[in-house]
Structures are given as structure tokens and as C-alpha cells.
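The chain contents come next:
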Amino acid sequence: MNEIRKQFPVLNQEVNGHPLVYLDSAATSQKPVQVLEAVRNYYELDNSNVHRGVHTLGNRATDSYEGAREKIRKFINAKSTKEIIYTRGTTTSINTVAGAYGRMNVNEGDEIVISHMEHHSNLIPWQQLAKEKGAVLKYFELEQDGTITLETVRNTITDKTKIVAITMASNVLGTINPIKEITKIAHEAGAVIVVDAAQAAPHMPIDVQDLDCDFLAFSGHKMCGPTGTGVLYGKQAHLESMEPIEFGGEMIDFVDLHDSTWKELPWKFEGGTPNIAGAIGLGAAIDFLTEIGLEKIAEHEHNLVEYALNEMDKIEGVSIYGPRDPQKRCGLITFNIDGVHPHDLATVLDMNGIAVRAGHHCAQPLMKWLQCTATARASFYIYNTKEDVDRLVEGLRIAKEYFNDVF
Ligand code: 7TS
């Protein structure tokens, strides 16, 4: 653990007079030196545009950029690098599917099914598509503990369902959804499935061939990579059938005055100069995570969550959202303390050097379902320790006392 923590220079600092405890990795993770060095090396030694050139720097940049694509392919076990599209993040990935596949395949009266636990990024693109097409947007209802049963999935998907879009791990409830089983049910009904893996790809192994999902989206910045990076995986046949949604340089084959043709996959979806440094940094992040092992990362986070749930339960007035079984959840805990607004709570924690997120977590319909306007959230990653959890619990006690005394 010490070796891992040493790779993250940002953790080695005091905030408001206390050693930093960073518990906001679900928003964005910290970056290890390997990633910082990969980005720096690119700018310092190889900086050049990709896919253009005959010159040496251009070739080096292209090799690193395309080499990172192969690392991503392997990371999620896609069949081909043609199925790996670089994007700006999960949001752009899902908008690309909604705008390209969705527009082509969803018609009036068709159904799109999502769930009550979706991040706005996997909700609004489908809401907009449904409005534009006169399609019906349906929701998987949640159980009391914030899980979705396969019975609900079977009862909600019909032969009118064209798209099922669902998160693999909830950024609020922490729920891990049974994607493989949901995919099977969607396929039996003739629908495609779009998986939001923003909170899954950084934390657990993903095999897109085993899941058999049609599309999968994730963000590089939540998995130790640079901001402004993300991935859209799509089965080759779907991607081949889709029209690009961004047009311009890089993505064309031939251009005439009144017509143009597109480059082959994956480049037809990558118009303009891409985030080259970001992609190379993401490749380095994947090397870093793979070396530690995704199974190990998942186990570490399960242990931390189990410990944190037990310790937080001991504090009177704490409500924890999502499933109680640590095996059913990813490495985050969303909670409230009676009588303390989550923003006030996060402020007191920050005064003690502890970074958590407070707010609606870009999931307003879920907040409504939880019957609250905001919550606090602590999210863990590879660099967090039991001592971090102890500091959080101590911080919660301090906050409780503070507000009880003041009010
Ligand atoms: N989907 C889920 C499940 C997410 O948690 C997020 C970001 C996104 C999509 C969007 O990812 P982006 O990289 O395109 O922004 N979630 C959060 C969060 O929980 N706190 O800040 C960002």
C-alpha cells in the first residue's frame, strides 16, 4: 500500500493543517507518476499531430496514440481496436450512441429503458432522443435497497424495447448491476444494451465479450488517466452501421464539393485533432492498473467499504443509502447525518483535511427516489486505507458534535 501511495504525489500534502484524505475518486481519481511522466514525455519529446505524417515525431506520436488504443482493447477484451473509439469521457460516449445509433434505430412508439439510478449522462441523452422521436422512455424500478431484480428487468423490457441503457455501478447507491444477465434479457427481446461503466471500469475487471454488451462507455479520468479522456466500445457491426456525428478533419476518406466518404473504424468517429497526450496518459494508467490487477483493486475496495459500513453504523443518526451487502456494491458510500446538511458536513470534513463530495451527484431523479435533495459521498480507490476510513469516521463525529453544539 505504501508503494502504491508513493506513486501519487498529490496525496502527500496537508490540507487545512491536516494530512489530506482524498475520498472523492468517484468524481475524479488522482494520477500516479507513471501517467504524469507519460504525458510529460509526449510533450517533451514526441509532441506532434497523429496520422499525418512522414516525419519521425509524427510517427512516434501516432505509434503511442494507437498503442494506447490496443491497451484499452486488451483491458476490456474487445475483439478489435476498430471497436475502441476515443472520446472526451462517458458523457460524450453515451451521446455518440444516442445521436448515431439511437437516431437511426429508434422510431415513434419504440421504447428506451433506463433505470432510476442513472447519472444524468445516461439519462438526458435518452430523454432527448425519446422526445425527438416520439419514443417512450421507461424506467426499471428499484427495490428498497437500491438494487434491480431480474424479474423487474423481464417485466419492463418488451418487444417494443429498442435500447436498454444502464449503469454497471451506481455513482450514488454503489449498486453493482448484473449486466450479463440484463444483456441476455435485452437481446432476447431484440434490444441492444448500452452500459455506463464510468464507475465500473476503474474498479473491477470488464470483459465485453463475456458480457456480450453492444456498447460500453467509460471515462479515463476516473481510472488514473488524464481529464478529457474516455472510451466508447461498440460491437463492430453496430459501429459500421452508424453515421458519424462529428464531421471535419481526420475522419474523412475522400471529400468532394457535394459529397464525402468516411475513414474506416475507429477513426470515422474521431473528427479533428484528438487528445493525443490524454490517450497516451490513459494507456499508462491502464498499464498501472493492470500491473496491480483489477481483481485485487475490487477486493481492496470491498474490504474498505465493509469496514467503513461497520464503523459508520456505530455513529448515531447516520443513514447510509444503497445495498447493505458489501459484495453487491462498489467502493463508495453515500450517506446523510440527521440534522446536518451534506454541504455543511463536507465543509467541516474539509476543515479536517478530508475531501468528500456533497450534492445531488448528477442524479436528481435518484435523489427524488431517496426522498432527499442532497447527500454526502465518500468514494474509495486503490490509494485509500483503513486509516483514511478512521479519519472519515472521526471527522463525522467532529461534525456531529460541532453542529449539535452550535445549533
Ligand atoms: N456515469 C456515471 C455513473 C458517473 O458516475 C459519471 C460521473 C458519468 C457517467 C459522467 O462521466 P464524465 O467523465 O463524462 O463526466 N460521475 C461523477 C460523480 O459521481 N461525481 O462527479 C462526476
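Labelled according to an unreviewed UniProt entry, the protein appears under the name Cysteine desulfurase, originating from Ureibacillus chungkukjangi. We quote the UniProt Catalytic activity (unreviewed entry) comment for the protein here in full: "(sulfur carrier)-H + L-cysteine = (sulfur carrier)-SH + L-alanine". Under Function (unreviewed entry), UniProt gives the following word-for-word description of the protein: "Catalyzes the removal of elemental sulfur and selenium atoms from L-cysteine, L-cystine, L-selenocysteine, and L-selenocystine to produce L-alanine."

Trainee: Account for the overall build of the protein, with residues named and values stated.
Mentor: Looking only at helices and strands, one finds 14 helices and 17 strands in the protein. Compactness check: the protein gives a C-alpha radius of gyration of 22 Å against a globular reference of 22 Å for 407 residues, within 12% of the reference. With the principal axes as the frame, the protein shows a C-alpha extent of 75 × 55 × 35 Å. Taken across its 407 residues, the protein has 57% of its residues classed as buried. By sequence separation, contacts in the protein at least 24 residues apart represent 71% of the contacts at least 6 residues apart. With an accessible surface of roughly 17600 Å², the protein has 49% of that area assigned to carbon and sulfur atoms.

Trainee: An account of helix α2 (residues 33–46) is requested, with residue identities and associated values reported.
Mentor: End to end, α2 covers 19 Å across 14 residues, agreeing with the expected 20 Å (1.5 Å per residue, within 8%). Restricting attention to buried positions, one finds in α2 the residues Val-35, Ala-38, Val-39, Tyr-42 and Asp-46. The buried residues of α2 all sit within an arc of 100° when viewed along its axis, so they share a single face. Turned more than 90 degrees from where α2 packs its buried face, Arg-40 and Leu-45 sit exposed. Looking at the packing, one finds that the buried side of α2 touches α3 (56–75) and α10 (276–292).

Trainee: Explain the UniProt feature "domain: Aminotransferase class V" (unreviewed entry) in the protein to me, using residue names and the numbers behind them.
Mentor: Taking the UniProt record as the reference, the feature "domain: Aminotransferase class V" (unreviewed entry) is found at residues 21–392. Taken end to end, residues 21–392 is 40% helix and 17% strand, and its first and last C-alpha atoms sit 8 Å apart.

Trainee: Outline the site of the ligand, supporting the account with residue identities and numerical values.
Mentor: Surveying the vicinity of the ligand reveals 17 residues, the closest of which are Thr-91, Asp-196, Ser-219, Arg-357 and Arg-377. With respect to the ligand, the side chain of Lys-222 contributes an N or O atom lying 3.0 Å from a nitrogen atom. Here Arg-357 contributes a side-chain N or O atom positioned 2.5 Å from a nitrogen atom of the ligand. Contact with the protein chains removes 88% of the 490 Å² of surface that the ligand exposes when unbound. Split by residue class, the shell around the ligand holds 3 nonpolar, 10 polar and 4 charged.

Trainee: Go over the environment of Gly-272 with me, naming the residues and quoting the values.
Mentor: With respect to the helices, strands and loops of the structure, Gly-272 is situated in the loop between β12 (260–262) and α10. In this structure Gly-272 comes out as partly exposed when scored by relative accessible area, which is 25%. For Gly-272 and Gly-248, which are 24 residues apart along the polypeptide, the C-alpha to C-alpha distance reads 6.2 Å. Residues within four places of Gly-272 in sequence aside, it is in contact with Gly-249 and Glu-250.

Trainee: Quick one: what's the story with the sheet that holds strand β17 (residues 375–379), residue by residue and with numbers?
Mentor: What the 4 strands build is an open sheet, ordered β13-β14-β17-β16; its pairing is antiparallel. The open sheet has two free edges, formed respectively by β13 (318–320) and β16 (357–359), since each of these has just one partner strand. Going across the sheet, the axis of each strand differs from the next one's by a mean of 30°, ignoring polarity. Strands β13 and β14 (332–337) of the sheet are contacted by helix α11 (residues 294–313), whose axis makes an angle of about 10° with β14. Docked against the sheet, helix α12 (residues 342–351) engages β14, β16 and β17, running at close to 160° with respect to β16.

Trainee: Tell me about the pattern of salt bridges, and please be specific about residues and values.
Mentor: Scanning the entire structure with this criterion turns up 20 salt bridges. Glu-132 serves as the salt-bridge partner of Arg-103, at 2.8 Å between the closest nitrogen and oxygen. One end of the pair, Arg-103, is in helix α4 (residues 90–105); the other, Glu-132, is in helix α5 (residues 124–133), with 29 residues separating them in the sequence. Exposure remark for Glu-132: the relative accessible area of 46% places this residue in the partly exposed category. Note that Lys-162 is salt-bridged to Asp-110, the shortest N-O span being 3.2 Å. Of this pair, Lys-162 sits in strand β7 (residues 161–167) while Asp-110 sits in the loop between α4 and β5 (111–115); the two residues are 52 residues apart in sequence, bridging distant segments of the chain. By relative accessible area, which is 29% here, Lys-162 ends up partly exposed. Take Asp-110: its relative accessible area is 10%, and that puts it in the buried class.

Trainee: Go over the nonpolar core with me, naming the residues and quoting the values.
Mentor: Judged by nonpolar contacts, the single largest core of 80 residues is most densely connected at Ile-206, Leu-216 and Ile-382. Ranked by residues supplied to this core, first place goes to α10 with 11 residues. In this structure Ile-382 touches Met-1, Ile-4, Phe-8, Cys-224, Phe-288, Leu-289, Ile-292, Ile-297, His-300 and Glu-301, once residues within four positions along its chain are discounted. Ile-315, Ile-337, Ala-378 and Leu-396 belong to the second-largest nonpolar core, a separate cluster that totals 30 residues.

Trainee: Summarise the packing of aromatic side chains; cite the residues concerned and give the values.
Mentor: When we look at a pair of aromatic rings, we describe it by the centre distance and by the angle of the planes. A full pass over the atoms with the stated rule returns 8 aromatic pairs. Both rings, one in Tyr-101 and one in Phe-215, keep their centres 5.5 Å apart while their planes meet at 65°; by these two values the pair is edge-to-face. Placement of Tyr-101 in helix α4 and of Phe-215 in strand β9 (residues 215–219) is noted, with a sequence separation of 114 residues between them. The same class applies to Tyr-101 and to Phe-215, which are both buried. Taken together through their ring pairs, the aromatic side chains of Phe-8, Phe-288, Tyr-381 and Tyr-383 make up a single cluster. Taking the ring centre of Tyr-307 as reference, the NZ or CZ of Lys-386 above it sits at 4.8 Å.

What counts and what doesn't
- Residues numbered from 1 in each chain as written.
- Predicted model: local features only at pLDDT ≥ 70, side-chain atom pairs only at ≥ 80, totals over all residues.
- Heavy atoms only, no water.
- UniProt positions renumbered as here; feature names shortened; annotations may be inferred.
- Helix = DSSP H or I, 4+ residues; strand = E, 2+ residues; numbered from the N terminus.
- Rg over C-alpha atoms; globule rule 2.2 N^0.38 Å.
- Buried < 20%, exposed > 50% of the residue type's maximum accessible area, 1.4 Å probe, protein only.
- Contact = heavy atoms within 4.5 Å.
- Areas by Shrake-Rupley, 256 points an atom, 1.4 Å probe, with all protein chains shown as cover.
- Expected span 1.5 Å × (residues − 1).
- Arc of directions from axis to C-beta.
- Near = heavy atom within 4 Å.
- Polar contact = N/O pair within 3.5 Å; in protein donor to acceptor, adjacent residues only side chain to side chain.
- Nonpolar A, V, L, I, M, F, W, Y, C, P; charged D, E, K, R; others polar.
- Pairing = 2+ DSSP bridges.
- Axes fitted to C-alpha atoms, helices over the stretch in contact; angles between N-to-C directions.
- Salt bridge = Lys/Arg side-chain N within 4 Å of Asp/Glu carboxyl O.
- Core = buried A, V, L, I, M, F, W, Y, C linked by side-chain atoms within 4.5 Å.
- Phe/Tyr/Trp six-rings, centres within 6.5 Å; stacked < 30°, edge-to-face > 60°.
- Lys NZ or Arg CZ within 6 Å of the ring centre and 35° of its normal.

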